[in-house]
Amino acid sequence: MPDTRILVADDDKAVLAMCVHALERAGYEVVGVESGSEALSCVRAQSFDLFITDLRMPRMTGLEACRAIRDLDPNVDMIIMTAFGSMEAAIEALEIGVSEFVRKPFQPCDLFEAVERTLDKRRRERENARLRTLLPLLDLSRAFMHSVDLADIPERVVRIAKEETQASSASVMLLDDDILTIHAAEGLPPDVIAETRQRADEGIAGYAITHREPLVLEGDLKDDVRFQYREGTRQIETAVSLPLIHKNEVLGVLNVSKTEEGAAFTETNVEFLSVLASQAAAAIDNARLFAEIQDAYEHLEELDRLKSEFISIASHELRAPLTVLLAYATLLEDQAPGSMREHLDQVVGSAVQLKSIIDDMISLQRIDTGEAQMNPTDVDVRSALDHALDDLEPLASGKEQAIEMGSVSQVTVRADKQMLDLVLRNLLSNAIKFTPEGGTISLAVEQGEEEIVIVLSDTGVGIPKDELERIFERFYQVEDALRREHGGIGLGLAIAREMVELMDGHIWAESEAGEGSTFYLALPRED
């Protein structure tokens, strides 16, 4: 391990030189001393990963040096070299925490093996400790996946951060319009929680946000200009501030601190908090997104309610005066002479078109409110087609269109007669409307084992393939709103589909732009 620092103590200069030279050649950073007291001074001045010492040295024995160094730094691993071992010394060494014994005389390879075993054991212990520490994050991650409560997530993060790191306090600050406020905290005075408001570039939290990385502070933080110290607040010995970042967006900061003298956050603590901060950021972002979707959904529900209410009021309020207008206009049309008759004919035509729109709005409102109850009966398909054609054939004749009906044998479907009539009228009206003068509209019936399919084809303008599904949506029209030439408000096909579904059938279309369209209406056969 190239970055491993090793301290070697032996009063035998030849053995000491051999150990230092051999370990340095292996890539370790090595310091050699000739006594236990010198070793103790080195540990006070700098940190080491491994201490190798002779058992018998003058003034301070190897065991005494190990015990003193263990008090200074509990994390240092230890190896003892000896030619005069005893059971008592071995037991004492094990109690101190010595990992290996190397019997003198030894070869460099013997020392390498002892060092590698010791360091490998420490690596495994540290990895196991790290994994044990990170295990709670697995359950937390599962909990976060199902949490959409923006208030609950910061509270849970704070509680876990404080408990798992034995911290004195923890808090989550969230960012809103470049202002940080505390959304959850434990171990902080209530006035600090209530009054803390700071810019995103201020204090320790602002530093962590600006640099987008964890910030670990130790020592007397009262004099740190980045720390907002309040009179009456306990002295903080060490603190960690971690930015909450998700999808490259900074959402806030997780702050954790300790007040006990000599307390410190370990490397494992910081790693744990970093993973926790990452999970918390993802959960907070998901909760915010869910809240936005929920708000949007509620807004859409309200708009839908207002739309339905408007349709209901408008259709019923318009229907009565329109009926009177149409009746008088028809009466006057029959009695009017010459050019006046032509003008009244346009009035009647426009009134009929408006009545059709209002009828569609009422049908839609009845579907939404559940008033459109289906009364299934056995309906003869040929009779239903003839009835729809009786009223709409004059419109086709006015555009010199040919309506062709193939041979239709007597077949019966289970359907609501009025609903089926309305669906057929909407499909035929649509075909006539979008087929140019002189075009052709064809009707056919296909029989299956369980359903009858009515097929209606035209030689009209056609529909782009990417819009075939959308034509059955309410108020949707293929044409741009500013270029509509054929009138209507885009309800006919939507009503047709919803009524067909009420009759346990289905409807779909096949088309290409400029090549006409074919609509298929499938209904269950009579049992």
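Keep in mind it's a predicted model, so treat the numbers as computed, not measured. (Residues numbered from 1 in each chain as written. Predicted model: local features only at pLDDT ≥ 70, side-chain atom pairs only at ≥ 80, totals over all residues. Heavy atoms only, no water.)

**Q** Just to check I follow, could you spell out the sheet that holds strand 10 (residues 238-246) for this structure?
**A** Backbone-to-backbone hydrogen bonds pair the strands of a sheet. The strands run either parallel or antiparallel. The sheet built from six strands is open, its strands ordered 8-7-6-11-10-9 with antiparallel pairing. With one partner strand each, in any of the chains shown, strand 8 (197-199) and strand 9 (215-218) form the two edges of the open sheet. Across the sheet, the mean angle separating the axes of adjacent strands is 25 degrees when strand polarity is ignored. Bridge analysis of strand 9 against strand 10 gives four bridges, and the strand direction is antiparallel. When the sheet's bridge partners are listed, Val216 is paired in strand 10 with Val240. (Pairing = 2+ DSSP bridges. Helix = DSSP H or I, 4+ residues; strand = E, 2+ residues; numbered from the N terminus. Axes fitted to C-alpha atoms, helices over the stretch in contact; angles between N-to-C directions.)

**Q** Looking at this structure, I do not really get the packing of helix 2 (residues 36-45) against helix 3 (residues 62-72). What am I missing?
**A** Pairs of packed helices are described in terms of their axes, by the angle between the two and the distance that separates them. Across the interface, helix 2 lies against helix 3 with an axial gap of 10 Å and an inter-helix angle of 10 degrees. When the interaxial angle is binned, helix 2 and helix 3 end up roughly parallel. For the pair helix 2 and helix 3, the contacting residues are Gly36, Ala39, Leu40, Val43 and Arg44 in the first and Ala65, Ala68, Ile69 and Leu72 in the second. The class makeup of the residues in the contact of helix 2 with helix 3 is seven nonpolar, one polar and one charged. (Parallel < 35°, antiparallel > 145°, perpendicular 65-115°, else oblique. Contact = heavy atoms within 4.5 Å. Nonpolar A, V, L, I, M, F, W, Y, C, P; charged D, E, K, R; others polar.)

**Q** What's the story with the environment of Ile209 in this structure? I'm lost.
**A** With respect to the helices, strands and loops of the structure, Ile209 is situated in helix 8 (residues 203-211). Separated by 34 residues in sequence, Ile209 and Leu175 have C-alpha atoms that sit 9.9 Å apart. Ignoring sequence-local partners within four residues, the contact set of Ile209 consists of Leu180, Ala200, Pro243, Val250, Gly252 and Val253.

**Q** Sorry, what's going on with a negative patch on the surface here?
**A** Taken together, the side chains of Asp11, Asp12, Glu34 and Glu38 present a region of like negative charge at the surface. Of note, Glu34 is situated in the loop between strand 2 (29-33) and helix 2. By relative accessible area, Glu34 is classed as partly exposed at 35%. (Patch = residues over 30% accessible without salt bridge, like charges linked within 9 Å, V, L, I, M, F, W, Y side chains within 5 Å. Areas by Shrake-Rupley, 256 points an atom, 1.4 Å probe, with all protein chains shown as cover. Salt bridge = Lys/Arg side-chain N within 4 Å of Asp/Glu carboxyl O. Lys, Arg positive; Asp, Glu negative; His and termini not counted. Charge placed at Lys NZ, Arg CZ, Asp CG, Glu CD. Buried < 20%, exposed > 50% of the residue type's maximum accessible area, 1.4 Å probe, protein only.)

**Q** Mind showing me how you'd approach the sheet that holds strand 4 (residues 77-82) here?
**A** Here we have five strands laid out as an open sheet, ordered 2-1-3-4-5, and parallel in their pairing. For this open sheet the edge positions go to strand 2 and strand 5 (100-103), each flanked by a neighbour on one side alone. The average angle at which neighbouring strand axes cross in this sheet is 20 degrees, direction not considered. Note: strand 4 against strand 5, four bridges, orientation parallel. Within strand 5, the position partnered with Thr82 by the bridge is Arg103. Across the face of the sheet, helix 1 (residues 13-25) comes into contact with strand 1 (5-9), strand 2, strand 3 (50-54) and strand 4 while running at roughly 175 degrees to strand 2.

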